Amino acid sequence: MRRGAQRIVPVLLFLSLLVSGVVPVRAADPEIDRLVQSPVGKDWVTNGGNLTNQRYSTLKQIDTTNAKQLKGAWMTRLKGSGLGGKYSFEATPLIKDGIMYISTGNDDVFALNAKTGEILWEHWSGIGQTISTICCGWLNRGLAMGEGMLFIGQLDANMVALDIKTGKEVWRTPIEDWHNGYGITNAPLYFDGIVYSGITGGEFGIRGRLTALDAKTGKILWRAYTLPAAGEPGGDTWPAGSDHYSRGGASIWNTPALDPELGLVYFAVGNCGPDYDGSMREGDNLFCASVLAVNAKTGAYAWHFQEVHHDIWDYDAASPVVLFDTMINGQPRKGIAQAGRTGWIYILDRTNGKPLIGVEERAVSQEPRQKTAKTQPFPLGDAIVPQCAEPMPASGYEKAGCIFEAFWEEPVLIQPSGIGGTNWAPMSYNPETGSFYVSGTIRTSAFARYGDTYKLGLRYTGGTQAAPIGSPMSGTFTAIGGNTNKIVWQHKTPYRVGQGGGSTTTAGGLVFRGEPDGNFLALDAKTGQELWRFQTGFGADAPPAVYEVNGEEYVAIATGGNQSQLSANGDAVWVFSLKGQLGPLWPPPAPQSVAGPAGPVADGVDTIKIGDNNVEYAYWPGRTRVKAGTAVTFTNVGDLPHSATAFEKGNWDTGALAKGESKTITFDKPGNYYYICTPHPWMYGQVIVE
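Residues numbered from 1 in each chain as written. Predicted model: local features only at pLDDT ≥ 70, side-chain atom pairs only at ≥ 80, totals over all residues. Heavy atoms only, no water.

## As for the state of the cysteines
In step 1: The tally for this structure, following the rule as stated, stands at 3 disulfides.
In step 2: Residue Cys135 pairs covalently with Cys136 via a disulfide, S to S 1.9 Å. One exposure class covers both Cys135 and Cys136, and it is buried.
In step 3: Between the sulfur of Cys272 and that of Cys288 lies a disulfide, 2.3 Å long from S to S. Judged by the sign of its S-S torsion, about 125°, the cystine formed by Cys272 and Cys288 is right-handed. Residue Cys272 is found in the loop between β16 (264-268) and β17 (290-295), and its partner Cys288 is found in the loop between β16 and β17; the two are separated by 16 residues along the sequence. For the pair shown, Cys272 and Cys288 are each scored as buried.
In step 4: The disulfide pattern of the chain is 1-2, 3-4, 5-6 when the bonded cysteines are numbered in sequence order. (Disulfide = S-S within 2.5 Å. Buried < 20%, exposed > 50% of the residue type's maximum accessible area, 1.4 Å probe, protein only. Helix = DSSP H or I, 4+ residues; strand = E, 2+ residues; numbered from the N terminus.)

Here is the structure:
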């Protein structure tokens, strides 16, 4: 089976129908179906604005001439929901008929008056706080609406429907069991009576899939698996005679897009499992790190394009796909684009998955023990972040490489890291400028494979990547031409912005985006010039929405921080307008721009708590100073398994500690002992021994 885009295969693939007969075809909510197929106007009724995921609003009351006049129309705190260091607030609010609906990192849902911010109703999820199979923070990326209901996927892998008028639960469907590694963080998609949702768990040995549910009843209609079994197209890209595909990861992190005319639903697929160890999964490992299209009514495979063959770098395709129409060589084309962690934008024909702008297969670095692919796809055009790392001999890293550099058990510095490029942050597309607006992260990681044994419900990553102590971390925000894949303009940002914030663009010639330091910005879409900046007081790490009530245009953003960037946590929704009266808040503490432990040194403290003070992903204290010969006890008081694992010096390790478990390490010799959490390698600590 050749790589890249595949011709349409007229068979029903990855289809496990749980109902008999033909899936009913019906227009269950004609109004929502009309809105999601139309250009976005006064209402914002699905996560990406409409079925294209363009995040483009046709409203233009706010434009390049008056954006500097924007002030806060209202700011509402959501009663402490998702308030704490383990949470991220990444949801895009939905707005219809003057009412806003928004979900928090605790899967709680609020309805607010979109003009005043008054809370109209609230639904508290009651989700268990001891879920141990969450990869990257407690978060929810948003809702879908249709048939008088709101739909939310929960971290416990349940899909829940709420009455849109009252917030009361209508139905609940378990998509999977969270104990087995599954969860849901994507905002689902509603269209024509069907709710579509992906599933997480790529770090826990799951089998990824897109699930389609009947919106009225919650009954599962079909599942389209992202990992093919033997005999199915793509099945021969996994080791023959093995069942590794059944635990090979391939999550769906974000909202699908849908083309009603072609009858296809499209989605981006995440990394293979185990993340960093390819030694037991020889082959290209479809459909990891791919864009996949399936029949919107049946789940039958249509086509795919794989961005990374045999992924060992955690190069998820995590950002939502975007549908757009363009001209290539004077010919109108139906496009689809996806911003990868590799730092490239992949621009394809959405009818068949073939590149609209060239992609070349090029030979890459090899490591036979990793079963590395001989070639990788290189899109023609510009990358949005640097793709080569520099050696750091002073830190003990002599070996460094560029994208797709192979590695084994000796750490190798590589850029982009698996947390680099564009992660979950959605890009936007403005049909007037013809440009995509893309957030990126610049971060070097030290990659190493150490092997892993699969155990149901436990982390299964096979290695690690962590930024060297003292290495810089920053970002880019870039306009990329939709018919050239070349940079139109680019900003360097002092912080990483590829994690969750993303962007939204308008017919007023604007691009709106938030930053982890709390600032919310309006830019000129054509030139990139900054026109307006407002300090929200909390990490502004969510994608904005644009809407209109009673003839007045508003811009909304959730501000509550992002735990993986350690930006300021909160529970606030900010809304802005030209008639607003609210001024900015004091800036919160800035997020880290250099890798390593932070905070003051605690003298003589020999007990370190992990996940204390409602901050799941941190050591308390992060830095301590003790005498040689001191036994230091690490205790996990958080909800997730954590470790303290030697980084850059020594080979000591607590191993994975479950909630309530402790391990004591004795430090006999003077020196600086840095450590990380292996399951969450953005956590750093330091023991200074004198």
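## A word on the sheet that holds strand β37 (residues 552-559)
In step 1: A sheet is described by the order of its strands in space; here 4 strands give the open sequence β2-β38-β37-β36, paired in antiparallel fashion. Of all the strands in the sheet, the pair left with one neighbour each is β2 (71-77) and β36 (545-549). Recorded for the sheet is a direction-independent mean angle of 30° between the axes of neighbouring strands. (Pairing = 2+ DSSP bridges. Axes fitted to C-alpha atoms, helices over the stretch in contact; angles between N-to-C directions.)

## Focus: the sheet that holds strand β19 (residues 322-328)
In step 1: The 3 strands lie next to each other as β19-β20-β21, forming an open sheet whose pairing is antiparallel. Two strands close off the open sheet at either side, each with one partner strand: β19 and β21 (345-349). Taken pair by pair, the neighbouring strands of this sheet meet at an average axis angle of 40°, ignoring direction.
In step 2: By the bridge criterion, 7 bridges tie β19 to strand β20 (residues 331-339) in an arrangement that is antiparallel. In the strand pairing of β20, Met327 is matched with Pro332.

## Comments concerning the nonpolar core
In step 1: Counting 99 residues, the largest nonpolar core has Met100, Ile102, Phe151, Tyr196, Leu210 and Tyr547 as its most contacted members.
In step 2: If one sorts the elements of this core by residue count, β37 sits on top with 5 residues.
In step 3: Non-local contacts of Phe151, meaning those with residues more than four positions away in its chain, are made with Leu143, Ala144, Met145, Gly146, Met159, Val160, Ala161, Trp171, Pro188, Tyr190, Val195 and Ala215.
In step 4: Among the nonpolar cores identified, the runner-up in size contains 33 residues, and Ile127, Cys136, Leu155 and Leu640 belong to it. (Core = buried A, V, L, I, M, F, W, Y, C linked by side-chain atoms within 4.5 Å. Contact = heavy atoms within 4.5 Å.)

## Notes on unusual backbone geometry
In step 1: Residue Pro274 follows Gly273 across a cis peptide bond; omega there is -5°.
In step 2: Its place among the elements puts Pro274 in the loop between β16 and β17.
In step 3: Across the junction of Gln415 and Pro416, the peptide omega takes the value 0°, indicating a cis bond.
In step 4: The topology assignment puts Pro416 in the loop between β25 (412-414) and β26 (428-430).
In step 5: Unusually for a residue other than glycine, Lys79 sits at a positive phi of about 55°.
In step 6: By the secondary structure assignment, Lys79 is in the loop between β2 and β3 (94-96).
In step 7: The phi dihedral of Ala289 falls on the positive side, at around 45°, and the residue is not glycine.

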